[in-house]
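# Structural description and commentary
Residues per chain are reported as follows:
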Amino acid sequence: MSISLSPIDRVEHISKEDFINKYLKPRKPLVISKATETWPALQKWTFEYLKETVGDIVVPLYDSSKADPSKPINASAAEMKFGDYIDLIQTQPTDLRIFLFDPIKHAPKLLDDYRSPTDLMGGFLDKYPNMFFGGKGSVTFLHYDIDLAHIFHTHFNGRKHVILFDQKWSERLYCIPFATYALEDYDIENPDFKKFPALDGIEGQEAILEHGDTLFMPTGYWHWMKYLDGSFSISLRAWDSSWAIKAKSLYNLTIQRKFDDVMKKNFKGRYMDWKEGLAIKRANKALAAGKP
């Protein structure tokens, strides 16, 4: 019993034509190791520089505990000054992460330090891209992004282990209904196949990101990430050209999210138990049918 993981394709550089034909159109992940070689951020964005720039900002922190069904999915576990958090992740392992932090909003000069890869595609969304910070050993749970954007995820100052799965494996990954994350009761690195048999035989891809590596994650890809060192990343987002995907993104962000929030608020644990039970039922059914 096993999950089959193959290496994500890796190149130093790629032409626009090759990127579009080999990766964007077929929606295939790729690591580009030198996409950031002209970014000032590659040398400039050290821990000390970011501390000097936004160190006094108080930021929400997230841990690895299972989501509380009575709270929003992005509810934080604690708060800390950004500079104190940077000191923490440089000196010891911790499962605390900073999720969707926008230091650029507090220090617009950081906008000058990176470049959206418009030489490869258009449709970039964020004026203030999201940044993510994690201590050694911290884990981002298995999920896909609710807005269904293409992601260019660049890593800094350490290593990060990334595992990706195509959207076609959603049911076998125990996708929670009315949500974009998987059942949190299994460890994707070392799953209990007796307890979660639908995971046996699924196929994914993996890579170790190092300083300056950029991961292209196509729309809808499931991703799990583990910080092997205290480090951080920035994500640049771009729309897919498909209007069907844009419509699905709008549905996820409005109708589905609102419905889920209302149900959690009113039914709390009972609602979550029902969703988890349905995820297991659907996974077992997909396994029996030999899907995908």
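Quick look at the structure, then. The structure presented is a predicted model; accordingly, all values stated were derived computationally and were not measured.

## Things to note about the sheet that holds strand E11 (residues 203-209)
Read from one edge to the other, the open sheet built from 5 strands follows the order E1-E11-E10-E13-E8, with strand pairing classed as mixed. Looking along the sheet, the strands with just one partner apiece sit at the ends: strand E1 (4-7) and strand E8 (139-143). If you compare each strand with its neighbour and ignore which way they point, the axes differ by 20° on average. Examined bridge by bridge, E1 and E11 share 4 bridges and lie parallel to one another. Each bridged residue has a counterpart across the sheet, and for Pro7 the counterpart in E11 is Glu206.

## Considering helix H1 (residues 16-24)
Among the residues of H1, those classed as buried are Phe19, Tyr23 and Leu24. Considered in projection along H1, the buried side chains sweep an arc of 75° and stay on one side of the axis. Tucked into the core, H1 has its buried residues touching strand E3 (30-32), strand E9 (150-156) and strand E12 (214-217).

## Structural notes on the side chain of His155
For His155, the location among the structural elements is in strand E9. A polar atom in the side chain of His155 sits 3.1 Å from the backbone oxygen of Phe232.

## Remarks on empty space enclosed by the protein
Throughout the structure, instances matching the rule amount to 2 cavities of 30 Å³ or more. What the largest cavity holds in volume is close to 40 Å³. Lining of the largest cavity is provided by Asp145, Leu148, Ala149, Ile151, Met217, Pro218, Gly220, Tyr221 and His223. Among the residues making up the lining of the largest cavity, the classes are represented as 6 nonpolar, 2 polar and 1 charged.

## A word on the nonpolar core
In terms of nonpolar packing, the biggest core is built from 38 residues, with Phe19, Trp45, Leu50, Phe82, Tyr85, Phe133 and Ile234 touching the most fellow members. Here the element with the most residues in this core is helix H4 (residues 82-91); it accounts for 5 residues. Sequence-distant contacts of Phe82, defined by excluding residues within four places in its chain, comprise Leu50, Lys51, Val54, Gly55, Ile57, Val59, Ile98, Phe101 and Phe133. Within the second largest apolar cluster, 28 residues are counted, among which are Leu148, Ile163, Ala179 and Phe193.

Basis of the calculations
- Residues numbered from 1 in each chain as written.
- Predicted model: local features only at pLDDT ≥ 70, side-chain atom pairs only at ≥ 80, totals over all residues.
- Heavy atoms only, no water.
- Pairing = 2+ DSSP bridges.
- Helix = DSSP H or I, 4+ residues; strand = E, 2+ residues; numbered from the N terminus.
- Axes fitted to C-alpha atoms, helices over the stretch in contact; angles between N-to-C directions.
- Buried < 20%, exposed > 50% of the residue type's maximum accessible area, 1.4 Å probe, protein only.
- Arc of directions from axis to C-beta.
- Contact = heavy atoms within 4.5 Å.
- Polar contact = N/O pair within 3.5 Å; in protein donor to acceptor, adjacent residues only side chain to side chain.
- 1 Å grid on protein atoms, 1.4 Å probe; cavity = no way out; pocket = protein on both sides within 12 Å on 5 of 7 lines; lining within 4 Å.
- Points joined across faces, edges and corners; volume = space filled by probe spheres on them.
- Nonpolar A, V, L, I, M, F, W, Y, C, P; charged D, E, K, R; others polar.
- Core = buried A, V, L, I, M, F, W, Y, C linked by side-chain atoms within 4.5 Å.

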